[in-house]
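# Inside the fold
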Amino acid sequence: EIYDVVDVGEKLEDKIRKYLRTEGILSKNILIIEKKERRIEIYATIRVERGSAIATKEIGRLISHVCNKSMIPSYDSTSMIHREYTTVFFEEDANFKILTGAAKKTKDGETVSGDNYAITRIGPGKAVISLSDGMGSGERACKESELVIELLEQFLEAGFSKDAAIQMINGTMVARSEEQVISSLDIGEIDLYSGVC
């Protein structure tokens, strides 16, 4: 992805810096990059000039005014900016939101379901929904499917592709036990910009 990044230039950086200054927000560094889908990302090292704090969502609204695009702080950014310089990552707001829910049913005679699931946010505007069905039923099946889901989340959050994550999970599951353990894994990736799953 690094090779697809374009530096947007200093003009927009200067406009953002000046506009934030009029709103009482000082900026040390502002980096604006454009991804291949022509979406921009902004990394800003900022602090409040006076007062105690300002919400990063409010700063995103101010930046949106300058960029003519809806910009929001990333989901893992700090929620407030105080008098110390802090770097915040702003991304274009996605066109779609997801609302999720789940229901579980156990096999007759069992108290624990062998299925586990997760909804994982992976970077700007992407979410992965995963479902793992452990072999058999009950506690053992639950633990196996839970391990598959946890490994998938960790690999995706570390930046691995879905295919690479699946191969590593498969290798891990085969290597960790002499007896054959089978857990299915269903994955759906949702692009919140295009709405494609």
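Shown above is the structure to which this text applies.
I will try to describe carefully the structure that is included in this document. (Residues numbered from 1 in each chain as written. Predicted model: local features only at pLDDT ≥ 70, side-chain atom pairs only at ≥ 80, totals over all residues. Heavy atoms only, no water.)

### Notes on the overall build of the protein
Across its full length, the protein carries four helices and ten strands. Traced from its N-terminal end to its C-terminal end, the protein shows the element sequence β-α-β-β-β-α-β-β-β-β-β-α-α-β. Over its C-alpha trace the protein gives a radius of gyration of 22 Å, far above what one expects of a compact globule, namely 16 Å for 197 residues. When the backbone C-alpha atoms are referred to their principal axes, the protein occupies close to 65 × 35 × 30 Å. Residue burial in the protein is summarised as follows: out of 197 residues, 37% are buried. Residue pairs at least 24 apart in sequence account for 59% of intrachain contacts in the protein once pairs closer than 6 positions are excluded. A total accessible area of about 12200 Å² is found for the protein, and carbon and sulfur atoms account for 49% of it. Of the side-chain charges in the protein, 26 are positive and 33 negative, and the distance between the mean point of each set is 8 Å. (Helix = DSSP H or I, 4+ residues; strand = E, 2+ residues; numbered from the N terminus. Rg over C-alpha atoms; globule rule 2.2 N^0.38 Å. Buried < 20%, exposed > 50% of the residue type's maximum accessible area, 1.4 Å probe, protein only. Contact = heavy atoms within 4.5 Å. Areas by Shrake-Rupley, 256 points an atom, 1.4 Å probe, with all protein chains shown as cover. Lys, Arg positive; Asp, Glu negative; His and termini not counted. Charge placed at Lys NZ, Arg CZ, Asp CG, Glu CD.)

### Brief notes about the nonpolar core
Ranked by size, the top nonpolar core spans 21 residues in total, and within it Ile16, Leu20, Ile42, Ile46, Ile59, Ile63 and Phe90 carry the most contacts. Contributing elements (two or more residues each) for this core: helix H1 (10-22), strand E2 (25-34), strand E3 (40-48), helix H2 (56-67) and strand E7 (86-92). Setting aside residues up to four positions removed in sequence, leucine 20 forms contacts with Ile25, Ile46, Ile59, Leu62 and Ile63. Within the second largest apolar cluster, ten residues are counted, among which are Val148, Leu151, Leu152 and Ile169. (Core = buried A, V, L, I, M, F, W, Y, C linked by side-chain atoms within 4.5 Å.)

### A word on the environment of valine 48
By the secondary structure assignment, valine 48 is in strand E3. Assessed through its relative accessible area of 3%, valine 48 is described here as buried. Here the alpha-carbon distance between valine 48 and serine 145, two residues 97 residues apart in the chain, equals 47 Å. Aside from chain neighbours lying at most four places away, what touches valine 48 is Gly24, Ala53, Ile54, Ile81, His82 and Arg83.

### Things to note about the sheet that holds strand E8 (residues 115-121)
Strand pairing in a sheet relies on backbone hydrogen bonds, with the paired strands running either antiparallel or parallel. Here we have three strands laid out as an open sheet, ordered E8-E9-E10, and antiparallel in their pairing. Both edges of this open sheet fall to E8 and strand E10 (183-191), since each of them pairs with a single strand only. Averaged over all pairs of adjacent strands, the angle between their axes in this sheet comes to 15°, without regard to strand direction. Direction of pairing for strand E9 (residues 126-134) relative to E10: antiparallel, over a ladder of nine bridges. Looking at the pairing, serine 130 lines up with isoleucine 187 of E10. (Pairing = 2+ DSSP bridges. Axes fitted to C-alpha atoms, helices over the stretch in contact; angles between N-to-C directions.)

### Examining the pattern of salt bridges
Scanning the entire structure with this criterion turns up nine salt bridges. A salt bridge links lysine 97 to aspartate 93, with the nearest nitrogen and oxygen atoms 3.0 Å apart. One connected set of salt bridges, linked through shared partners, spans Arg21, Glu49 and Arg50. (Salt bridge = Lys/Arg side-chain N within 4 Å of Asp/Glu carboxyl O.)

What is shown is where atoms sit, not what they do.
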